[in-house]
Amino acid sequence: MERETDARQEMFGHGDEAAGYDAVVIGSGYGGSVAACRMSMAGIKVCLMEKGRKWEARDFPTNSVNILSAVKIESWKWGFSFGPKDALIQVYNQDDSLAAVACGLGGGSLVNAGVMASTPVRARRNKNWPKDWEKNWEVCEAAASTMLRAQSVPVEFPNAKVMREVAQEEIEECSPSSMKLSINFDKEDSAGSMASCLACGNCLSGCPYNAKNSTDKNYLAGCTIKTECQVQYVVRNSDEGCEETDSFDKKLKRRWRVYSNDVDYVLCDFIVISAGVLGTTEILFQSVRRGLHVSEKLGFGFSCNGNSCAYLAGSSAPLAAFGLDRNQFSNIPFQDRPGPAISTSYTSSLGFTIQSAVLPTSFPYLLFKGIHTYGWPNGFWFLHGLIDKLNHMFGLKSGQAVVFNVMGYDDSNGKITLEKETEKICFVPPRDPILPRKIQALQKLTKRIGGILFMSRHRSTSVHLLGGCNAASDPSNGVCDPNGQVFNSECSPTVHQGLYVCDASLIPCSIGINPCLTIATVAEHVSRNLVQDVLKHKNYTCSAQLKTKKEQHYVDKQCTSTSDEAVVPKAEMGVSRSLETNQRSHLLIKETMRGYIGGMPCTAHLIMKMNSSYHQSSTIGESDPLLRGKVGGYVIFKAVEKDKLYIVDGKVNMCQVDNRTPYTQYMHYHLVLASASGSRYILEGKKIMNPYLLFSYAWSESTTLHVTFRTLGQQSSKEQKIDLEGELSLSFLDLLRSLIGLKGNMKGLFICLLLRSLLRTYILQTPRGSHPGFSPSDLRERPYPPSTLHKIKTEDGAIITCRQWKCKQDLWKNEGYSQNPVLLINGYSTESYWLPTEPNDLIRTLLENDQETWLLQPRMHPSHPSNKFTIEDIGKFDIPAAIKKIGELNGASVKVHVVAHCVGGLAVHIALMGGHVSATNIASLCCTNSSMFFKITTSSLVKMKLPLIPMSMRILGKERILPMFRNSESSSAHRLLKLIARLMPRYERCAYDECEVFSGIFGNTFWHDNVSSSMHHWLNKLSLPKLPMSAFPHLRKICTTGYIVDPDGKNQYLIHPERMATHTLYLSGGRSLLVTPQASFLANQYMKLHQPGFRHSRVVVDGFGHSDLLIGEESFKKVFPHIISHIKTIEEGRNGVVCTKERKYKRESLSWAWDNDPCEASKCGLVCWIYYLKLFMLLMLFLKIASLLL
């Protein structure tokens, strides 16, 4: 027995059925039921999804009150809809046409007359009729008739007698048609699940006595059934762009996703769309909007089967065509009852078929007497109808009535479209050339029988819709091939593998009679090829992709059952069906965000479903399941696509935490967008919430989504790849609408959880995680090539070191050429280049490019920290000594490429502009977040201007080397200083004490999410045991002035631009943390002004802060190539001066204003004043404690 599964759980792709299905069938009418049955009999795992509900015999309406809840009327003209969404009978009124369709498990078979008539030869000879269908038509038709248990009518009922007497006389060249009904007339079989027909005449509103052989009884067995589950569209499944995919799904590689709404979907390999003519075309139209390529003929070839309906009332003939209720059976013999809805049919050589039908007792007769009809002959026909209805209600003698159903051959040139604005299906009926003849025939019958004829006011009134996805031999003539596979217009004439249509929409012309048996026959034909296709694909995937023993056992079992059961199809299956309709607790949120991406307007309309059963953990960090969910909706970005970009796969986590930033809360959005053009895009965004200055930034951070928008996958050569950044914001009114519009039974809990997470982030500031613990045994340090450590004594007697890595210089020297070496200079004490845990640091990158590399470890390096020095000492003594040593080993004529970071960049500019190093010894200069200018962020500048550093120097006294490791021995002065550092506000907090102290002193020097956990651990636990503080007073003067000065604060350097005769590259991080991009901007302008004969360039690297330019995980991809390219460009032009064409710069044309740098941004206003206040309070506390200690 197939166990029942929870529909909502599967929609999210979890649980035991996370792998999806071999096939999903959409719709349970004559097409879908046949396909589901045949695949189930072959051992294929099938899920049938039905828009309507399961109707038991007792549920069908039997009076005019009950019918109101079972009918839905939708008027396109008046723009209103009346009735429940899953109503049994659904009527569509559009301009001059009226169409009625059924909705429920069993489709049209629930409420039709059950007429089983063979397809006329005239239809099969139509030029559009697929020739491939003729090969096995009789066999398929016989199989369908057998399964539907078509039976002959055993008795000639009253209305059939009247029709026999008048039809052949009044209608030209008319003869009775052979027909059977899918109704059980055999009383001997009534002991089973089926009852015998009672001839009540209520077939058209559903048989209340369980005597009709509807498809849910005859075909639907052995498959999982999901009722009340309307499919919206289908999308090809692709792992690309999807953040998370279940491991089982990754192995099976399901082809398709079937969406029941904007969020929920089912995975499968094959889709069979059998939702009826209007439903199938709507699904395909919606899928086209999401990138599915189908034929341009979608919606064309629509036919109403030449259908017209009329109602005859007030006749004196013994028609007995009113339905009976249960109380009337005892008084009327079986043969005198109304009988089945249709029991007689006559075909005219004029090209139409006419049938008399019984009106169910539940139908409101007034609908047929003036509301949607007009009377003939003219006169007081409406008053007659009212009087007749009153007589009928009070049991008085009333006139007899009958319904006429006329079918013929229209031109099959109608059209179905999807309205862009309303997203509603619209249809234009085909031309019906024999409509006048049908009206004349009805009028003749009325004259003979007597009474008033009520004819439809609409040009077309149909219950037999055909076409719209016509079967044809090529996509220029239809949407599907004769086997039902949907054509792929992008790769014509191929088809979409695994996408089928199997219902009345395949039939390319009018049938002229009741099409039920024709539809079932086409479905039998399609199913034969479908089953073979599924089994072939299934056997291939079983053997190729599932390799574990458990999975292979499942495959062997499935393949064995498939081969055994496919030989002899069984009508009765021993597998139960599960009806899945219940929903778990969930929450629905609608959110609208507006903003600009790449400078272009963009609006995102999101529908987020937060589900308590969504147990999939996020990529990084954990949060409550109710704060995670899936996202649907659409994005309007007309600069990229003129139509809407629909979200076909979206995930949201409103409390995501990166283990590297445990104090920071993220709201992460990951959206895969599909367009009608077939292109796909990724919109990924984060709301970043940091506990910086308590909740000062809470509103802007929680409502601002920082997004990236990029093209997904391979695009055509004509299309340009898109990669944009921007911001989307949620306004106060939109937030209010979202909160008011919350839907679901978890609203209160969701709001509590969200507020609790924000309270923890901004007020309590409690970390949610931390960097994984690293022990020395766990930390993997990657070896470097052999190097030489040179101890160097400077002119002032200090001992520094310089490490040298040689490259293959001998090969170059043999050719009379050698590359200039590279000298690396670190920032303040921390290591930026020699990173043992990183596989691609700058030293390894330079060596891979055959560059001889030197790493300077000056007097501020932790390996030999000095207790008394300034930054000027490094530029005046350490750097010249290192360059001199390089010259001694490589020749006096050698030039050096200098790469310096932060304070190292300040020192090298002091060395050059102070005349301590000649520019003739420098091949090029590359500085990261440093230059002769040193523009720092507002918060850092405030901290530098306050007397924190002088007080710190006074507290430290003569011992100005601060122990950094948490467990290292330290004095009370050191502990006090570290305590104050921990209390200092910073943008990102960290769980490592060493990192907290360092960032309290300097400010955040890197974005934690840019640095690997191993790098972070090594940097804080192994790299920096001691921090020399002696240079801080000099550094403070440089920071407050904004450019390099001597220890006394005098400008001794910028006045010598002539000493900077070298090529330069200045690099800055786009996400300012410490030094702003203005420093590189001003330096680049300064060099272009004073040294125009050399090559000067500047790069701002987005996403990086300060030192993460060099120590970040992605530095080797996004930063190092700029440095390597700069060095190689200079090396390639060594025989001549590498420069652009000399240009003269006027001082007037160069503005040094802050606003000239497009990369610069600052945060001022109220938040700055809050920052000042907090620093002032900390300063007062600092002074109080210091006074007590001193």
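Residues numbered from 1 in each chain as written. Predicted model: local features only at pLDDT ≥ 70, side-chain atom pairs only at ≥ 80, totals over all residues. Heavy atoms only, no water.

1. Concerning unusual backbone geometry
Argument step 1. Phi is positive for glutamate 228, close to 50°, though the residue is something other than glycine.
Argument step 2. Mapping glutamate 228 onto the fold places it in the loop between β10 (224–226) and β11 (233–236).
Argument step 3. Relative accessible area serves as the criterion here: at 46%, glutamate 228 is assigned to the partly exposed category.
Argument step 4. For aspartate 850, which is not a glycine, the phi torsion comes out positive at approximately 55°.
Argument step 5. As for its position among the elements, aspartate 850 is in the loop between α18 (842–848) and β38 (853–857). (Helix = DSSP H or I, 4+ residues; strand = E, 2+ residues; numbered from the N terminus. Buried < 20%, exposed > 50% of the residue type's maximum accessible area, 1.4 Å probe, protein only.)

2. Regarding the sheet that holds strand β17 (residues 352–357)
Argument step 1. Reading across the sheet, the seven strands line up as β8-β16-β17-β19-β15-β22-β18 and stay open at both edges, with antiparallel pairing between neighbours. Looking at strand neighbours, the two that pair on one side only are β8 (174–176) and β18 (373–376), the edges of this open sheet. Here the average twist between neighbouring strands, direction ignored, is 25°.
Argument step 2. As paired elements, β18 and strand β22 (residues 452–456) share four bridges and run antiparallel to each other. If you follow tyrosine 374 over to β22, its bridge partner there is methionine 455.
Argument step 3. Set on the sheet, helix α6 (residues 158–170) makes contact with β8, β16 (342–348), β17 and β19 (400–408); between it and β16 the angle comes to about 10°. (Pairing = 2+ DSSP bridges. Axes fitted to C-alpha atoms, helices over the stretch in contact; angles between N-to-C directions. Contact = heavy atoms within 4.5 Å.)

3. Overview of empty space enclosed by the protein
Argument step 1. For the structure shown, the criterion picks out eight cavities of 30 Å³ or more.
Argument step 2. Roughly 390 Å³ of internal volume is contained in the largest cavity.
Argument step 3. Among the elements of the structure, α21 (938–945), α24 (993–1002), α25 (1013–1023) and α26 (1032–1041) are those that each provide at least two residues to the lining of the largest cavity.
Argument step 4. Its residues assigned to classes, the lining of the largest cavity shows 18 nonpolar, twelve polar and three charged.
Argument step 5. In this structure, the second largest cavity encloses a volume near 220 Å³.
Argument step 6. Forming the boundary of the second largest cavity are 14 residues, of which Leu948, Ile949, Ser952, Gly1000 and Ile1001 lie nearest the centre.
Argument step 7. Looking at the lining of the second largest cavity, the elements that each hand over two or more residues are α21, α22 (948–956), α23 (972–983) and α24.
Argument step 8. Class assignment of the residues belonging to the lining of the second largest cavity gives a composition of eleven nonpolar, two polar and one charged. (1 Å grid on protein atoms, 1.4 Å probe; cavity = no way out; pocket = protein on both sides within 12 Å on 5 of 7 lines; lining within 4 Å. Points joined across faces, edges and corners; volume = space filled by probe spheres on them. Nonpolar A, V, L, I, M, F, W, Y, C, P; charged D, E, K, R; others polar.)

4. Considering the nonpolar core
Argument step 1. Ranked by internal contacts, the top residues of the largest apolar core, which has 126 residues, are Val24, Ile26, Met39, Val258 and Ile271.
Argument step 2. Per-element accounting of this core gives the leading share, eleven residues, to helix α12 (residues 516–545).
Argument step 3. Formed by 73 residues, the second largest nonpolar core is a distinct cluster that contains Tyr828, Trp854, Ile871 and Met1087. (Core = buried A, V, L, I, M, F, W, Y, C linked by side-chain atoms within 4.5 Å.)

5. With respect to the environment of serine 175
Argument step 1. Residue placement: serine 175 occurs in strand β8.
Argument step 2. Since its relative accessible area comes to 37%, serine 175 is described here as partly exposed.
Argument step 3. Along the backbone, serine 175 and tyrosine 346 are 171 residues apart, and their C-alpha atoms lie at a distance of 5.4 Å.
Argument step 4. Setting aside its immediate chain neighbours within four residues, serine 175 contacts Ser345, Tyr346 and Thr347.

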